[in-house]
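This is what each chain is made of:
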Amino acid sequence: MPAEVAPSYLWVPELPDTGGEVEIPDEEAHYLRRVIRARPGDLALATDGRGALAELRLGGAGRGLRARVERIERLDRAAARRRALLLCGTPEGTRADWMVEKLAELGVDAFQPLDCARGRWRAGPAAMARWARLAVAALRQSRAAWRMAIHPALGLSDAMAAAREPVRWLADPEGEPPSGLFATAGGPAVAAIGPAPGFSEPERKALRGSGFTPVRLAARRLRTETAALAVAALWAAARATGGGAPSGPEA
């Protein structure tokens with residue numbers, strides 16, 4: 001059987017069952033034809049970003065590139081007991097794009113921008129579209145089954161009300177180290193990261209009152225985007241070692 005021709009996954013939003021045929025999106029077709037010089041009969045792996053992973057056999061040349069699904073697996077997020085939600089205030093300057101890309105690469109499932117007393121997002125349609133493209137690029141590069149969801153900005157109270165994850169972290173330089181908050185089998189988790197000037201005291205009080213445990217991520221104060229990536233990296237490490245999601249006091 002031929003080896004997979006592409007080092008990255010293809011993103012194909014709609015994948016049929018085994019034996020079905022699918023048209024490869026233009027950007028993915030360009031990658032196959034022009035970048036890696038794929039040939040008819042080659043195999044490539046694809047995901048729809050919603051838990052489906054498929055092995056595709058590429059078809060012949062033509063105006064549109066088509067492929068046949070050789071096999072497909074549809075993963076169940078609930079069965080995997082995984083969901084990592086990040087509530088995040090505004091970073092300084094133009095750091096948001098880089099942060100979004102890296103959070104997606106590290107496997108954060110959903111990114112929720114937070115409008116806070118000391119910082120509000122100004123993410124219009126162009127920024128949201130750009131972040132969506134970055135999330136797809138990260139999905140492909142990291143060979144993941146789920147694309148990171150990116151939500152419009154919410155106020156803190158609305159974001160807390162919408163978060164259902166039982167394990168809750170609050171990034172706080174005065175919190176406890178995260179090393180004691182991991183368990184061998186964890187469940188879905190949410191973390192709150194303040195804007196560049198930090199959460200206000202009323203916001204910190206509201207978060208703690210909603211079950212968010214203050215967690216110290218480093219010996220010193222971190223920038224917003226650094227704290228966000230530190231949380232995502234801890235979550236990714238917990239999953240990679242078979243510990244599931246991070247644990248801690250439940251709300």
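None of the values given here were measured: they were computed from a predicted structure. Starting from 1, residues in each chain are numbered consecutively following that chain's sequence as written. Given that the model is predicted, a residue must reach a pLDDT of at least 70 before its local features are reported, and side-chain atom pairs must reach 80 or more before they are shown or counted; all residues, however, enter totals for whole chains, interfaces and linings. Think of the side-chain values as coming from all heavy atoms in the structure, minus any hydrogens and water.

## Quick notes on the overall build of the protein chain
Reasoning step 1: For helices the rule is a DSSP run of H or I covering at least 4 residues; for strands it is a run of E covering at least 2, with both sets numbered from the N terminus onward. Helix and strand counts for the protein chain stand at six helices and 12 strands.
Reasoning step 2: Burial here depends on accessible area, computed with a 1.4 Å probe over protein chains only, as a share of the maximum for the residue type. Under 20% is buried, over 50% is exposed, and the range in between is partly exposed. Per-residue burial over the protein chain gives 44% buried out of 251 residues.
Reasoning step 3: Any pair of residues with heavy atoms lying within 4.5 Å of one another is described as a contacting pair. For the protein chain, restricting intrachain contacts to residue pairs at least 6 apart in sequence, the fraction spanning at least 24 positions comes to 74%.
Reasoning step 4: With an accessible surface of roughly 12400 Å², the protein chain has 51% of that area assigned to carbon and sulfur atoms. Accessible areas in this description were obtained via Shrake-Rupley with a 1.4 Å probe; residue shielding takes into account the shown protein chains only.

## Some words on unusual backbone geometry
Reasoning step 1: Positive phi values are uncommon outside glycine, yet arginine 37 reaches one of about 55 degrees.
Reasoning step 2: With respect to the secondary-structure elements, arginine 37 resides in the loop between helix H1 (26-35) and strand E3 (43-47).
Reasoning step 3: Non-glycine residue arginine 143 carries a positive phi angle of around 55 degrees.

## Quick notes on the pattern of salt bridges
Reasoning step 1: Take a side-chain nitrogen of Lys or Arg and a carboxyl oxygen of Asp or Glu: if they are within 4 Å of each other, that pair is a salt bridge. Taken as a whole, this structure holds 19 salt bridges when the rule is applied.
Reasoning step 2: Across the pair arginine 71 and glutamate 55 runs a salt bridge, and its minimum N-O distance is 3.7 Å. Of this pair, arginine 71 sits in strand E5 (residues 66-74) while glutamate 55 is found in strand E4 (residues 52-58), placing the two residues 16 residues apart along the sequence.
Reasoning step 3: With a relative accessible area of 51%, arginine 71 lands in the exposed category.
Reasoning step 4: Of the charged contacts in the structure, one is a salt bridge between arginine 57 and glutamate 70, with a shortest N-O distance of 3.6 Å. Highlighted residues: arginine 57 in strand E4 and glutamate 70 in strand E5, separated in sequence by 13 residues.
Reasoning step 5: The partly exposed category is assigned to arginine 57, whose relative accessible area is 25%.

## Describing the pairing of strand E6 (residues 84-88)
Reasoning step 1: Counting buried positions along E6 gives five out of five residues, so the element sits mostly inside the fold.
Reasoning step 2: Bridge count between E6 and strand E11 (residues 189-193): five bridges; the pairing is parallel. Counted as the bridge partner of alanine 84 is alanine 189 from E11.
Reasoning step 3: For two strands to be treated as a pair, DSSP must find at least two bridges joining them. The pairing of E6 with strand E7 (residues 110-115) spans four bridges and is classified as parallel. Each bridged residue has a counterpart across the sheet, and for leucine 86 the counterpart in E7 is phenylalanine 111.
Reasoning step 4: A crossover gets the label right-handed when its path from the first strand over the helix to the second runs clockwise, viewed with the strands pointing away from the viewer. Running through helix H2 (residues 96-105), the crossover from E6 to the neighbouring parallel element E7 is right-handed.

## Thoughts on the state of the cysteines
Reasoning step 1: Only a pair of cysteine sulfur atoms within 2.5 Å counts as a disulfide in this structure description. Scanning the model with the defined rule gives zero disulfides in all.
Reasoning step 2: In this structure cysteine 88 is a free cysteine whose sulfur lies 8.7 Å from that of cysteine 116, the closest cysteine sulfur available.
Reasoning step 3: Taking relative accessible area as the criterion, cysteine 88 reaches 0% and is therefore assigned buried.

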